[in-house]
Amino acid sequence: PILDTHIHLFTQSHLPILAWMADTNLLYRAHTPSEYASCVPSSLAPSHRGFIFVETDCRYTDPDVPATASSSDLNEAWKYVLNEYEFVYNISKTPCSEEIPVRGIVPWAPVHLGPEMLEKYLQKLNSIGGVIVDPVTGKIDKMKSVLKGFRYLLQDKPSGAMLKEKFIAGLKWVASKGLIFEIGIDIRSGGIWQMEEFVALLEKLGDNAPTLVISMSFPLARLSPPNGSLLHPDHLCKPDFHIPPLKLSKHPTYQAFSTLLPKIASHPTTVIKLSGAFSELPPLSTLQGTTPSNPLLQSLQTSPSEILDRIYPWASIVFKLFTPRRLIWGSDWPICNIGYFENHQDASKEVPMPGGGAWSAWVGLMEMLLEKLVED
């Protein structure tokens with residue numbers, strides 16, 4: 001069975017409120033559940049069980065004085081992120097037969113503002129729907145709720161942001177609710193210091209960590225402490241696939257990654273997510289007169305082996321430290337189309353834009369990667 005744990009959806013009206021979006025972006029148009037479903041090959045459709053929607057970095061503001069902000073002030077500050085949650089929640093209530101069902105939502109949350117503001121934010125999500133609280137424990141019932149956790153991107157924040165007292169208290173609050181938390185950090189564009197600070201954060205959280213998911217645009221880690229909450233590092237901290245494989249072992253970024261990852265793995269609540277890497281890969285050489293035997297890879301212009309050469313050294317460390325029990329998979333659709341259509345798609349293959357080629361190719365590459373990891 002396939003559960004895609006990382007996709008994004010947005011309508012045409014959402015485009016102006018996405019913090020990263022520009023009208024020159026390849027993805028500057030609506031991306032709907034129907035289009036996502038069309039990306040899944042018919043051979044895999046029967047085994048696809050659904051997807052988890054992850055927030056898409058909508059614009060928001062922080063109240064000038066959060067402690068005294070009125071409800072209407074908060075509605076204004078958070079109107080775009082609340083609108084996004086309502087948009088996906090409504091989809092989850094009325095799935096079409098030809099679409100793939102929503103199995104969960106991971107919206108943005110003001111974790112940096114601490115527990116008091118998180119309580120107010122949760123109340124606003126609850127007024128929309130999809131939040132079921134266990135009357136005995138006071139935790140969110142993740143089996144019955146469409147709300148599964150929260151994400152707050154740190155990759156564009158200054159050093160020290162994740163070590164502030166309110167942020168740490170916010171994460172402990174997330175843990176107390178039994179929810180997961182996805183942290184977006186980026187060691188390629190942001191620097192290895194983000195991973196170093198995440199290790200320091202884990203030490204400060206101790207047994208009070210939620211499930212933490214770390215972003216690494218290819219893997220993503222997630223924490224699940226004894227109290228049932230998890231931390232997910234999104235996309236496995238976005239490793240630097242631009243480093244040539246032959247130079248990797250002596251490169252300071254890879255050496256630091258190899259040193260820091262065991263420290264993250266030593267926290268039993270961490271989990272890694274393998275998510276779409278095309279947006280993080282450099283342009284690679286093209287296939288020379290050969291066609292991949294795997295039908296999922298036949299739209300690739302780049303050699304699958306060359307892509308795996310870039311990914312494997314990072315993935316092998318993850319696989320050994322976390323084992324399959326602590327790995328999850330996500331496509332990062334439609335972001336996975338960035339890079340793929342620019343550098344990896346064979347233009348002679350009739351794959352609808354921005355359709356199934358990238359999604360299918362990522363599934364096929366993961367099959368190859370996991371086979372090699374198991375063999376080794």
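Residues numbered from 1 in each chain as written. Predicted model: local features only at pLDDT ≥ 70, side-chain atom pairs only at ≥ 80, totals over all residues. Heavy atoms only, no water.

*Asks:* It is not clear to me how the overall build of the chain should be interpreted in this structure. Could you clarify?
*Replies:* Of the regular secondary structure elements, the chain holds 11 helices and 10 strands. Going through the 376 residues of the chain one by one, you find that 58% of them count as buried. Restricting to contacts in the chain with at least 6 residues of sequence separation, those with at least 24 account for 72%. With the model as given, the accessible surface of the chain reaches about 15400 Å², and the carbon-plus-sulfur share is 53%. (Helix = DSSP H or I, 4+ residues; strand = E, 2+ residues; numbered from the N terminus. Buried < 20%, exposed > 50% of the residue type's maximum accessible area, 1.4 Å probe, protein only. Contact = heavy atoms within 4.5 Å. Areas by Shrake-Rupley, 256 points an atom, 1.4 Å probe, with all protein chains shown as cover.)

*Asks:* Help me out: how do you make sense of the packing of aromatic side chains in this one?
*Replies:* Each aromatic ring pair is described using two quantities: the centre-to-centre distance and the angle formed by the ring planes. Tallying each qualifying case throughout the model produces 17 aromatic pairs. The interplanar angle of 70° and the centroid separation of 4.9 Å between the aromatic rings of Phe257 and Trp314 together place this pair among those described as edge-to-face. Taken as a pair, Phe257 in helix α8 (residues 252-265) and Trp314 in helix α9 (residues 304-322) lie far apart in primary sequence, 57 residues in all. An aromatic cluster is present here, built from Tyr60, Trp78, Trp108, Tyr121, Phe150 and Trp173 joined pairwise through their rings. The lysine or arginine in question, Lys157, covers the ring of Tyr152, its NZ or CZ lying 4.8 Å from the ring centre. Directly above the ring of Tyr312 sits Lys372, whose terminal nitrogen or CZ lies 4.7 Å from the centroid. (Phe/Tyr/Trp six-rings, centres within 6.5 Å; stacked < 30°, edge-to-face > 60°. Lys NZ or Arg CZ within 6 Å of the ring centre and 35° of its normal.)

*Asks:* Can you help me understand α8 in this one?
*Replies:* Three- or four-residue spacings in an α-helix give side chains the same orientation, since the helix completes a turn every 3.6 residues. Between its first and last C-alpha atoms α8 spans 20 Å; for 14 residues at 1.5 Å apiece the expected length is 20 Å, and the two agree. What α8 keeps buried is the set Thr253, Tyr254, Ala256, Phe257, Leu260, Leu261, Ile264 and Ala265. (Expected span 1.5 Å × (residues − 1).)

*Asks:* Teacher, can you tell me more about the pattern of salt bridges here?
*Replies:* One pass over the full model with this rule turns up eight salt bridges. In this structure, Arg29 engages Glu35 in a salt bridge whose closest nitrogen and oxygen atoms are separated by 2.7 Å. (Salt bridge = Lys/Arg side-chain N within 4 Å of Asp/Glu carboxyl O.)

*Asks:* What is the right way to read the packing of helix α6 (residues 193-205) against α8 from this model?
*Replies:* In a packed pair of helices, the relevant descriptors are the angle between the two axes and the axis-to-axis distance. Two elements in contact, α6 and α8, have axes whose closest approach is 10 Å; the angle formed by their N-to-C orientations is 20°. One finds that α6 runs roughly parallel with respect to α8. The chirality of how α6 crosses α8 is left-handed. Packed against α6, whose contacting residues are Met195, Glu196, Phe198, Val199 and Leu202, the element α8 presents Phe257, Leu260, Leu261, Lys263 and Ile264 at the interface. (Axes fitted to C-alpha atoms, helices over the stretch in contact; angles between N-to-C directions. Parallel < 35°, antiparallel > 145°, perpendicular 65-115°, else oblique. Left-handed = near helix turned anticlockwise from the far one by under 90°.)

*Asks:* How should the sheet that holds strand β3 (residues 102-106) be read in this particular structure?
*Replies:* Two strands in a sheet stick together by hydrogen bonds in their backbones, pointing the same way (parallel) or opposite ways (antiparallel). Spatially, three strands are ordered β1-β2-β3 in an open sheet, and the strand pairing comes out parallel. The open sheet has two free edges, formed respectively by β1 (2-7) and β3, since each of these has just one partner strand. Neighbour-to-neighbour, the strand axes of this sheet turn through a mean angle of 15°, independent of strand direction. As judged from the four bridges shared by β1 and strand β2 (residues 48-54), these two strands associate in the parallel manner. Within β2, the position partnered with Asp4 by the bridge is Phe51. Running over the sheet, helix α3 (residues 79-93) touches β2 and β3 and is turned about 165° from β3. (Pairing = 2+ DSSP bridges.)

*Asks:* Explanation requested: the confidence of the model for the chain in the structure shown.
*Replies:* Any segment with low pLDDT has predicted coordinates that should not be analysed in fine detail. For the chain, the mean per-residue pLDDT works out to 84, and 85% of the residues sit at or above 70. In this model, residues 347-355 is a region of pLDDT below 50 whose contacts with residues beyond four sequence positions or in other chains number 19 contacts. (pLDDT = per-residue confidence, 0-100.)

*Asks:* How do you make sense of helix α5 (residues 165-176) when you look at a structure like this?
*Replies:* Taking 1.5 Å per residue as the helical rise, α5 with its 12 residues ought to reach 16 Å, and the 16 Å between its terminal C-alpha atoms agrees with that figure. Those residues of α5 lying buried are Phe167, Ile168, Gly170, Leu171, Trp173, Val174 and Ala175.

*Asks:* It is not clear to me how unusual backbone geometry should be interpreted in this structure. Could you clarify?
*Replies:* Backbone geometry follows two general trends: most residues other than glycine have a negative phi, and most peptide bonds adopt the trans configuration. Omega for the bond connecting Trp333 with Pro334 falls within 30 degrees of zero, at 0°, which places this linkage in the cis form. Assignment of secondary structure puts Pro334 in the loop between β10 (327-329) and α10 (337-344). At Asp57, a residue that is not glycine, the phi angle is positive and equals roughly 65°. Its relative accessible area of 21% is what places Asp57 among the partly exposed residues. At Thr323, a position not held by glycine, the phi torsion is positive, near 65°. For Thr323, the position within the fold is in the loop between α9 and β10. For Thr323, a relative accessible area of 33% gives the class partly exposed.

*Asks:* Even after reading the chapter, I still don't get the pairing of strand β5 (residues 180-184), so can you show me in this structure?
*Replies:* Consecutive residues of a regular strand have side chains that alternate between opposite faces of the sheet. With respect to burial, β5 is a largely interior element, five of its five residues being buried. On β5, burial covers both faces: Ile180, Glu182 and Gly184 on one face and Phe181 and Ile183 on the other are all buried. As judged from the five bridges shared by strand β4 (residues 149-153) and β5, these two strands associate in the parallel manner. Of the residues in β5, the one forming a bridge with Leu153 is Gly184. Taking the sense of rotation as the criterion, the β-α-β connection linking β4, α5 and β5 turns out right-handed. (Right-handed = clockwise from strand over helix to strand, strands pointing away.)

*Asks:* Please clarify how the side chain of His48 should be interpreted in this entry.
*Replies:* The residue His48 is located in strand β2 in this model. Accessibility expressed as a relative area gives 8% for His48, which makes it buried. Within the structure, His48 has its side chain in polar contact with the backbone nitrogen of Gly50 (distance 3.1 Å). Not counting residues up to four positions away in its chain, the partners in contact with His48 are Ile2, Asp4, Tyr36, Val40, Ile100 and Trp359. (Polar contact = N/O pair within 3.5 Å; in protein donor to acceptor, adjacent residues only side chain to side chain.)

*Asks:* I keep staring at the environment of Thr5 and nothing clicks. Help me out?
*Replies:* Structurally, the position occupied by Thr5 is in strand β1. The spatial distance from the C-alpha of Thr5 to the C-alpha of Val106 is 9.8 Å, given a sequence separation of 101 residues. For Thr5, the residues in contact, after removing those within four places along its chain, are Ile52, Val54, Lys273, Ile328, Trp329 and Gly330. Only 2.6 Å separates the side chain of Thr5 from the backbone oxygen of Trp329, close enough to count as a polar contact.

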